[in-house]
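# Observations on the model geometry
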There are 2 protein chains.
Amino acid sequence: MSDVNRQIVLEQLPQGPLSPDHFRLTEGERPRAADGEVVVKTLYVSLDAANRAWMQGATYRSAINAGDVMAGGALAEVVESRAPNLAVGDLVFADTGWQEYAALPAKRLAKLPRLEPLTHLLSVYGVAGLTAYFGLLECGQPKAGETVVVSAAAGSVGSIVGQIAKIKGCGAVGIAGGAEKGRWLTDELGFDAAVDYKAADFKRQLREACPEGIDVYFDNVGGDVLEACLFGMKTFGRIACCGAVSQYDGDAPRHGPRGVPGLIVTKRLSVRGFIVSDFDDHRTQALADLQSWVASGQLKVQEDVIDGFENLPQALVGLLHGENRGKRMVKV
Amino acid sequence: MSDVNRQIVLEQLPQGPLSPDHFRLTEGERPRAADGEVVVKTLYVSLDAANRAWMQGATYRSAINAGDVMAGGALAEVVESRAPNLAVGDLVFADTGWQEYAALPAKRLAKLPRLEPLTHLLSVYGVAGLTAYFGLLECGQPKAGETVVVSAAAGSVGSIVGQIAKIKGCGAVGIAGGAEKGRWLTDELGFDAAVDYKAADFKRQLREACPEGIDVYFDNVGGDVLEACLFGMKTFGRIACCGAVSQYDGDAPRHGPRGVPGLIVTKRLSVRGFIVSDFDDHRTQALADLQSWVASGQLKVQEDVIDGFENLPQALVGLLHGENRGKRMVKV
């Protein structure tokens, strides 16, 4: 075990689009566990659009400040323990930040099962899979035969949302950038249709894919795509608000979508925001469902694993540009 | 009974603010009932901000077109019946439009009790009271001790929302235009605080009135006031979307409020649109509650009755400018 702790610091807060130049690779000393703490070694760092949102200010967590080790969740292994609930070798998911080692209070950490491949603990059995599951089923309340639309459909969450919609007997329409991603959604993942938000005729494509309107829209992006879906919603439709990736990589947006609140009233829509930890009470059932769907082949898991700690900044920037298919992570 | 049927026609659709010049008084023949129909005489016409929204296009009802008799609900009395469920002298609430007599299919009409004063059938026991009741209690789900904010608080719906909030043990904050309306809300209706949306320091007033944030926001206005409340919401807050009167008297707005969907996600808000008829199944209970609160003096009913059919256009324009306190109607 090295005494050196490689770290990536957010050197300056981005004003416009994020670039790798905003980060700096540095080295610290490997931390030691204080009483009640563990030291973990980071194995896989999760890349999430929300990482960028944290740079805009406080959200459901405090803001990231210039000079901080970049924040982020990771699959990590305990290498030193001064806490009763965790032993050396245990796996945990933790907000380690972008560094090789982190000392953390043990009481908020839970031991994860050592299943294969380990990466599934960050994708389908991690935040991405649970976010898709709870957002769709709890906030979206889809009924068999309804039409579910999801944006960022080729991403870690969206690719699972559409597949769960199919498992539940719904029609699934994915919104993603480019025809190639669209083909992947329909040909590989079983979506009924894909719509290219970068195409000039995006709105027409969306209408054609949902000729009777949208019952459930799972929103990962906000902005113009949310606006188009608002206009396409059916009466009594539900919108699950999961994120707003279109609005993260720049200043905070100056306006919301047209149709708010007018369309919400006239169509009697329910719009609900959530984060995955709101549903911690139902985790066990959710993981059991996800595992059975993966085992039966109904749910395909797509992961995008990039090798090398030093590639974290570029991996996040690329994710914000829509490079990834499925869950992106960096192997440390 | 006159054979003449005075009518007010929407001569042209407004492009900008509505004015009395958009209407024309005309006369037709009193209609006769066909089989299954009744002819009703209009007693009191309800004035509602939604009347203006109907001119912007189809909503939960079809749009009003230039040349149509202006649409609107009214308390009316059956003067001729060719239907089994209604007799001459029965009272109904119906979309008569702005005319003295209307022939209507009887099967969608329900006889109202002849209580005193009759005007309460249009205010507290009509659409206004039921809208306040269902919007607050079903969509807002307020719990005792929470803070409820309502906009257009001196209007027909808002004035009742705040009082029901108090009855349910909540704090009630009303947003209205001008200090005089605010004093009326606190001194006469028992609101805990009033906030003047026309004041330069509106946002500061709102923060001071809700130092711990807003649990339930009942939105009648949309626009900048909705935006300010979004920023003031507490985590897991609920917004009941009832209307958007700030956005009716002009072209359809180009943008929605800032913070959509960002604040909805990070605060995990529930935003729900509704119209009163969505809750028809619970009408009986609602009316019983409203009647008991009126009887006990817990719920004060404020009505703004204008005399004279020909005053309808000016009455609506004035309502859109916030002239009224409580339920505005025109006695025909």
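Keep in mind that what you see is a predicted model, and the values were worked out from it rather than measured. (Residues numbered from 1 in each chain as written. Chains lettered and ligands numbered in written order. Predicted model: local features only at pLDDT ≥ 70, side-chain atom pairs only at ≥ 80, totals over all residues.)

## Quick notes on the overall build of chain A
The line we're drawing: The helix and strand labels rest on DSSP assignments: H or I over at least four residues marks a helix, E over at least two residues marks a strand, and numbering proceeds from the N terminus. Radius of gyration here is computed from C-alpha atoms only, and the compact-globule reference equals 2.2 Å multiplied by the residue count raised to the power 0.38. Once C-beta atoms are placed from the backbone, each residue is buried if 20 or more other C-beta atoms lie within 10 Å of its own, exposed if 12 or fewer, and partly exposed for counts between those two. Contacts are defined on C-beta atoms placed from the backbone: any two residues whose C-beta positions lie within 7 Å are in contact.
When its secondary structure is counted, chain A shows 9 helices and 15 strands. Relative to the 2.2 N^0.38 estimate, which gives 20 Å for 332 residues, the radius of gyration of chain A is 20 Å and therefore close to what a compact globule would have. By its C-alpha atoms, chain A is 60 × 45 × 35 Å across when sized along the principal axes. Going through the 332 residues of chain A one by one, you find that 54% of them count as buried. Taking contacts inside chain A between residues at least 6 apart in sequence as the whole, the part at least 24 apart equals 65%.

## Structural notes on the relation of the copies chain B and chain A
Selection criterion: For the least-squares superposition of copies, only C-alpha atoms count, and only for residues with pLDDT at least 70 in both.
Each copy superposes on the other: chain B lies on chain A with an RMSD of 0.0 Å after a rotation of 180° and an axial shift of 0.0 Å. Given the turn and translation reported, the copies of this chain are related as if by a two-fold rotation axis. Of all interface residues in chain B, 100% are interface residues in chain A too; the two copies therefore contact each other through one and the same surface.

## Some points on helix 4 (residues 179-188) of chain A
Residues and elements named next belong to chain A. Quick note on the threshold: Directions pointing from the helix axis toward each C-beta atom define the arc.
Inspection of helix 4 places Lys181, Gly182, Trp184 and Leu185 among the buried residues, and these make up the whole buried set. Buried positions in helix 4, seen along its axis, are confined to an arc of 160° and lie on one side of it. The exposed set on the far side of helix 4, more than 90 degrees from its buried face, consists of Ala179, Glu180, Arg183 and Asp187. Contact partners of the buried residues in helix 4: helix 3 (158-167), strand 9 (171-176) and strand 10 (193-196). Within two residues after helix 4, Gly190 carries a phi angle of roughly 85°, on the positive side.

## Considerations on the pairing of strand 12 (residues 233-241) of chain B
Residue and element names in this part refer to chain B. Condition: Any two strands are treated as partners once DSSP identifies two or more bridges connecting them. For a crossover, the right-handed case is the one in which the path from the first strand over the helix to the second runs clockwise, viewed with the strands pointing away from the viewer.
Both strand 11 (residues 214-219) and strand 12 contribute to a ladder of 5 bridges, which runs parallel. Along strand 12, the bridge assignment pairs Asp219 with Cys241. Read as a crossover between parallel neighbours, the route from strand 11 over helix 6 (residues 223-232) to strand 12 is right-handed. Alignment of strand 12 against strand 13 (residues 270-273), held across 4 bridges, turns out to be parallel. Bridge pairing in strand 13 links Ala240 to Arg272.

## Things to note about the interface of chain B and chain A
Stated precisely, the cut-off is as follows: Under the grouping applied here, Gly and all other residues not named as nonpolar or charged are polar, the nonpolar ones being Ala, Val, Leu, Ile, Met, Phe, Trp, Tyr, Cys and Pro and the charged ones Asp, Glu, Lys and Arg.
Listed by partner, the interface residues are 33 residues for chain B and 33 residues for chain A. Those elements that place two or more of their residues in the side of chain B that touches chain A are helix 7 (262-266) and strand 13 of chain B. Classifying every residue of the side of chain B that touches chain A by side-chain character gives 15 nonpolar, 11 polar and 7 charged. By the bridge criterion, 3 bridges tie strand 13 (residues 270-273) of chain A to strand 13 of chain B in an arrangement that is antiparallel. Across the sheet, Val271 of chain A pairs through a bridge with Val271 of chain B, a residue of strand 13 of chain B.

## Concerning the domain arrangement of chain A
The extent of an interface is frequently quoted as the accessible surface area lost upon association of the parts. Residues and elements named next belong to chain A. For clarity, the threshold we go by: What fixes the domain bounds is an automatic or database domain assignment.
Domain assignment breaks chain A into domain 1 (4-123 + 302-331) and domain 2 (127-277). Just the C-alpha atoms count here: the centres of domain 1 and domain 2 sit 28 Å apart. Every contact between the two is made by 20 residues of domain 1 and, on the other side, 17 residues of domain 2. When residues of the side of domain 1 that touches domain 2 are traced back to their parent elements, those giving at least two are helix 1 (49-53) and strand 15 (327-331). The dominant element in the side of domain 1 that touches domain 2, judged by the number of residues it contributes, is helix 1, at 4 residues.

## Things to note about the packing of helix 2 (residues 127-140) of chain B against helix 3 (residues 158-167) of chain B
A pair of packed helices is captured by two measures, namely the crossing angle of their axes and the spacing between those axes. All names here are of chain B. Where we set the bar: Fitted lines through C-alpha atoms give the axes, limited to the stretch in contact for helices. The angle between two N-to-C directions lies from 0 to 180 degrees. For classification purposes, angles smaller than 35 degrees are called roughly parallel, those larger than 145 roughly antiparallel, those between 65 and 115 roughly perpendicular, and all remaining angles oblique. By convention, the crossing between two helices is left-handed when the near helix turns anticlockwise from the far helix through less than a right angle, and right-handed when the turn is clockwise.
Orientation of helix 2 relative to helix 3, taken along the N-to-C sense of each, is 45°, at an axis distance of 9 Å. In terms of orientation, helix 2 lies oblique with respect to helix 3. Of the two elements, helix 2 crosses helix 3, and the hand of that crossing is right-handed. On helix 3, the residues touching Ala128, Gly129, Ala132, Tyr133 and Leu136 of helix 2 are Ile160, Val161, Ile164 and Ala165. Residue classes in the contact of helix 2 with helix 3 are distributed as 8 nonpolar, 1 polar and no charged.

## With respect to the nonpolar core
Quick note on the threshold: A set of buried Ala, Val, Leu, Ile, Met, Phe, Trp, Tyr and Cys residues, joined through C-beta atoms within 7 Å, is what we mean by a nonpolar core.
Core analysis: the largest hydrophobic core is formed by 221 residues, its most contacted members being Val40 of chain A together with Val40 of chain B. Excluding residues within four positions of it along the chain, Val40 of chain A makes contact with Ala76, Glu77, Val78, Val79, Val92, Ala94, Thr96, Tyr101, Ala102 and Leu104 of chain A.

## Focus: helix 3 of chain B
Residue and element names in this part refer to chain B. Counting buried residues in helix 3 gives 8 out of 10 residues, a clear majority hidden from the surface. Among all positions in helix 3, only Gly158, Ser159, Ile160, Val161, Gly162, Gln163, Ile164 and Ala165 are buried. Buried residues in helix 3 make contact with helix 2, strand 8 (147-151), strand 9 (171-176), helix 4 (179-187) and strand 11. Looking at the residues trailing helix 3, positive phi occurs at Gly169, about 85°.

## Considering unusual backbone geometry
Backbone torsion omega between Glu116 of chain B and Pro117 of chain B reads -10°, so that peptide bond is classified as cis. Considering the arrangement of structural elements, one finds Pro117 of chain B in the loop between strand 7 (111-112) and helix 2. Residue Val260 of chain B is joined to Pro261 of chain B through a cis peptide bond whose omega torsion reads 5°. Phi is positive for Gln141 of chain A, which is not a glycine, with a value near 45°. By the secondary structure assignment, Gln141 of chain A is in the loop between helix 2 (127-140) and strand 8 (147-151). Classification of Gln141 of chain A as partly exposed rests on a count of 14 C-beta atoms within 10 Å. For Ala152 of chain A, which is not glycine, the phi torsion reads 50° and is therefore positive. Its place among the elements puts Ala152 of chain A in the loop between strand 8 and helix 3.

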